[in-house]
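Chains, contacts and geometry: an overview
Single-letter residue listing:
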Amino acid sequence: MRCWESRSARGAWREGLFGRRPCGRVRRARGGAAVSLPLEGIRVLDLSRLLPGGFCSLLLADFGADVVKVEDTGMGDYIRWSPPFYEGAHASARSALFLSLNRNKRSIRLDLKQERGREALLALVRDYDVVLESFRPGVLERLGVGYERMRAENPGLVYCAISGYGQAGSRRGASGHDINYLGLVGLLGLTGASGGEPVQAAGQIADLGGGALMAAFGILAALRERDGAPGSPGSGEGQLVDVSMSDGALSWLAMVAAAHFADGSVPRRGDLPLAGALVCYRPYECSDGWVALGALEPKFWQAWCRGVGREELIGAQFERPGSEAHAQVAEIFRGRSREQWEAFAREHDCCLEPVLELDEALASELVREREMVVEIAQPGAAAPVRQLGVPVKLGRTPGEHGRLPGPALGEHTEAVLLAAGYSAAQVAELLESGAAAGPAEVALDATLRA
């Protein structure tokens, strides 16, 4: 039983995460005061694969949640086998992409197509707070371990399902990826230059912004409702958190949709003020690269115009690309190097920054100061593994990226099952029957490419 809780194995909650602070492993803040990770005591079974669920549970894990990846007895999470690799690390835990999403987690392997594998999952569910999955809607129900079945074992369970189109609706069973969700909600169609092709973003907007972040928020909201707070008792009950990546991506168009609802206008690619329609707010080519001008407020535009000695352009701030003013501004930018524009921006406060390549960004002063590149010690790897750091900085109880390395496939199967109440003999039987599996010993062929 966790140190902060008081409940039965069937989920009758009296005190919870938000009603009482967990008393986990003590750390020291920079000022010397003892602190705990804010999500210590929360236990998560992560049945998801790839990016959306993996990033969601990474956020929870970095802030102290005990995240156990529940993987199949075959290849597990597909991203384990995606290059590039860190040589020397375990064959199933050497993928840079896998490690970037799965530090601070443990891994078990269960065969949910076998009755004993399903029984083992349900035994875990009884003592966990959260289940996270990203199967197509209905997959776990057909296996006999869907939300209602899990809820019968643990009424306090928060069950988060990430899918492309949601748990209900005509498209609930349709396949899809990030680009499909963005296409269907209008975001892809609005991204790019007027008359040009739709432009794909380098980051997965629907997977991360529409799926992972919404799921993390939904999970914490459901836990807060369940556990309550001083003076506001919680319900003691879990609930289903239905996260549709298309819903989440559509919410990114909140202001664009609001304008459409208000005046009926239908924007086209290149027409949006913040997506290419204004001279004062767009990327410009310079003599040796690109810079990004964000002089949306008049004071910033005026500072740029006066800085380049072209005050006559002040009145052209909101003209469109293709105008004479745009041609003049573009010509001015081409007349200086990126370094010269950086020096200009230090002298003139006008929201002007260089457009960096990835290697430049990762080595930049900003990233270094914000500790957004970190290292973890991955067993067997010849050198520390470099990754992106924790993006949310809590002043008193910050996250911690290096509690656990990325787990080998099935590395913790026996330990987790023993902690769940199975005897050593019962665990051995599960392993012998194939309903569970321990660490994978054979490297599988890579199935994904970066």
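Structure: see above.
Conventions adopted
- Residues numbered from 1 in each chain as written.
- Predicted model: local features only at pLDDT ≥ 70, side-chain atom pairs only at ≥ 80, totals over all residues.
- Heavy atoms only, no water.
- Helix = DSSP H or I, 4+ residues; strand = E, 2+ residues; numbered from the N terminus.
- Contact = heavy atoms within 4.5 Å.
- Areas by Shrake-Rupley, 256 points an atom, 1.4 Å probe, with all protein chains shown as cover.
- Core = buried A, V, L, I, M, F, W, Y, C linked by side-chain atoms within 4.5 Å.
- Buried < 20%, exposed > 50% of the residue type's maximum accessible area, 1.4 Å probe, protein only.
- Arc of directions from axis to C-beta.
- Polar contact = N/O pair within 3.5 Å; in protein donor to acceptor, adjacent residues only side chain to side chain.
- Pairing = 2+ DSSP bridges.
- Right-handed = clockwise from strand over helix to strand, strands pointing away.
- Phe/Tyr/Trp six-rings, centres within 6.5 Å; stacked < 30°, edge-to-face > 60°.
- Axes fitted to C-alpha atoms, helices over the stretch in contact; angles between N-to-C directions.
- Salt bridge = Lys/Arg side-chain N within 4 Å of Asp/Glu carboxyl O.

For the rest of this paragraph, the subject is the overall build of the protein. When helices and strands are tallied, the protein shows 16 helices and 16 strands. Contacts spanning at least 24 positions in sequence make up 68% of the contacts within the protein whose residues lie at least 6 apart. For the protein, the computed accessible surface area is about 22000 Å², with 54% contributed by carbon and sulfur atoms.

Soluble globular proteins: nonpolar side chains tend toward being buried together. Within the largest apolar cluster, 37 residues are counted, with the highest numbers of intra-cluster contacts made by Cys160 and Ile219. Elements that contribute at least two residues to this core include exactly α1 (50-62), β6 (130-133), β7 (158-163), α6 (178-184), α7 (205-227), β10 (240-244) and α8 (245-251). At eight residues, the largest contribution of residues to this core is made by α7. Sequence-distant contacts of Ile219, defined by excluding residues within four places in its chain, comprise Cys56, Leu60, Val130, Leu132, Val158, Cys160 and Val241.

Residues of helix α10 (residues 298-307) that are buried include every one of Phe300, Trp301, Trp304 and Cys305, and no others. End-on, the buried residues of α10 take up no more than an arc of 135°, which puts them together on one face. On its buried face, α10 sits against β12 (289-294), α11 (324-334) and α12 (338-347).

Tracing the sequence through the fold places Asp227 in helix α7. Among the polar contacts listed, one links the side chain of Asp227 to the side chain of Arg226, at a separation of 2.7 Å.

This next bit is on the pairing of strand β5 (residues 105-110). β5 sits mainly inside the fold: five of its six residues count as buried. Looking at chain direction, strand β4 (residues 66-71) and β5 are connected through five bridges and run parallel. What sits directly across from Val68, in β5, is Arg106. At this point the chain moves from β4, through helix α2 (residues 96-102), to the parallel β5, and the crossover so formed is right-handed. As judged from the two bridges shared by β5 and strand β16 (residues 436-437), these two strands associate in the antiparallel manner. The residue of β16 that forms the bridge with Leu110 is Ala436.

Below, the discussion takes up the packing of aromatic side chains. Throughout the structure, instances matching the rule amount to eight aromatic pairs. Between the aromatic rings of Trp301 and Trp304, the centroid separation amounts to 5.4 Å while the plane-to-plane angle is 20°, which identifies the pairing as stacked. Taken as a pair, Trp301 and Trp304 lie in helix α10 at a separation of three residues, close to a single helical turn. This pair shows no difference in class: Trp301 is buried, exactly as Trp304 is.

The omega angle of the peptide bond from Pro83 to Pro84 is 5°, so this bond is cis rather than trans. Its place among the elements puts Pro84 in the loop between β4 and α2. Here the phi dihedral of Leu50 falls at roughly 60°; this positive angle occurs in a residue that is not glycine. Inspection of the secondary structure assignment puts Leu50 in helix α1. Here Leu50 falls in the partly exposed class, since its relative accessible area comes to 28%. With a phi angle near 55°, Glu371 is a residue other than glycine that sits in the positive phi range. If you trace the backbone, Glu371 turns up in the loop between α14 (365-369) and β14 (373-376). The class for Glu371 is partly exposed, based on a relative accessible area of 45%.

Strand order in this open sheet of seven strands is β10-β7-β6-β3-β4-β5-β16, and the pairing throughout is mixed. The open sheet is flanked by β10 and β16, the only strands paired with a single partner. Pairing of strand β3 (residues 43-46) with β6 involves three bridges; the strand directions are parallel. The residue of β6 that forms the bridge with Val44 is Val130. Across the sheet, helix α3 (residues 115-125) lies against β3, β4, β5 and β6, angled at about 145° from β5, the strand it touches most. The sheet strands contacting α7 are β6, β7 and β10, and the helix crosses β10 at an angle near 160°.

Before going further, it helps to examine the pattern of salt bridges. Within this structure, the stated rule accounts for 17 salt bridges. Among the salt bridges present, the one from Asp72 reaches Arg49, with a minimum N-O distance of 2.8 Å. Of this pair, Asp72 sits in the loop between β4 and α2 while Arg49 sits in the loop between β3 and α1, placing them 23 residues apart in sequence. For Asp72, a relative accessible area of 21% gives the class partly exposed. Residue classification places Arg49 among the partly exposed positions, given a relative accessible area of 25%.

Bear in mind that shape data such as this cannot, by itself, settle questions of function.
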